[in-house]
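Chain residues, written in single-letter form:
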Amino acid sequence: MIQHSAQVRVRYADTDMMGVVYHTNYAIYFEVARTEMFRELKMPYAEMEKNGIRLPVVDLHCKYYRPALYDDLLTVTATMNKKPGVRIEFEYTIENEKGELLCTGETTLVFTDINTGRPVRMPSYVEDVLQKNFE
């Protein structure tokens, strides 16, 4: 298992007319934790793209429990529970400063060739990094 947490401050622009975070912004918060996880593992998205790989999201699920509000400091945790192949799966939790669970979610991404958009096997340098972290 690999896990990484990132903090996100809710901006006014993230909220809707009811004063709560608009539902689509949770996917952005998931992305923040996921990209920071890759950065911490020393394989940022920018580096993968330089090597001809993209990781589009092909599946997204989100369950809301309580609303996040303007100026809340959120802790977004991304977890990779199993080693990826062509697909890479993440689970997420979002909590507020009180430790209240606001949202859970899952995403599935696929390694693709930057030129063709076709699925490809996970690059060996990514596999090497992940193998070390799953041992």
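See the structure shown above.
Residues numbered from 1 in each chain as written. Predicted model: local features only at pLDDT ≥ 70, side-chain atom pairs only at ≥ 80, totals over all residues. Heavy atoms only, no water.

## So, the overall build of the protein chain
No. 1: Per the secondary structure count, the protein chain includes three helices and seven strands.
No. 2: Reading the secondary structure of the protein chain in the N-to-C direction produces β-α-α-β-β-β-β-β-β-α.
No. 3: Rg of the C-alpha trace for the protein chain: 16 Å, near the compact-globule value of 14 Å for 135 residues, within the 12% margin.
No. 4: Each of the three principal axes of the protein chain carries a C-alpha extent, and together these read 45 × 35 × 20 Å.
No. 5: Expressed as a percentage of the 135 residues in the protein chain, the buried residues total 41%.
No. 6: When the accessible surface of the protein chain is split by element, carbon and sulfur atoms take 49% of a total near 8,000 Å².
No. 7: Positive and negative charge centroids in the protein chain, built from 16 and 20 side chains respectively, lie 4 Å apart. (Helix = DSSP H or I, 4+ residues; strand = E, 2+ residues; numbered from the N terminus. Rg over C-alpha atoms; globule rule 2.2 N^0.38 Å. Buried < 20%, exposed > 50% of the residue type's maximum accessible area, 1.4 Å probe, protein only. Areas by Shrake-Rupley, 256 points an atom, 1.4 Å probe, with all protein chains shown as cover. Lys, Arg positive; Asp, Glu negative; His and termini not counted. Charge placed at Lys NZ, Arg CZ, Asp CG, Glu CD.)

## Some words on the environment of Pro84
No. 1: Along the polypeptide, Pro84 turns up in the loop between β4 (73–80) and β5 (87–95).
No. 2: For the pair Pro84 and Leu109, spaced 25 residues apart in the sequence, the C-alpha separation amounts to 9.6 Å.

## So, the nonpolar core
No. 1: Tyr29, Ile94 and Leu130 are the most contacted members of the largest nonpolar core, which has 34 residues in total.
No. 2: Taken together, the elements giving at least two residues each to this core come down to β1 (2–9), α1 (25–40), α2 (45–50), β4, β5, β6 (101–110) and α3 (124–134).
No. 3: With residues near it in sequence (within four places) discarded, Leu130 still touches Ile2, Leu41, Met43, Met80, Pro84 and Met122. (Core = buried A, V, L, I, M, F, W, Y, C linked by side-chain atoms within 4.5 Å. Contact = heavy atoms within 4.5 Å.)

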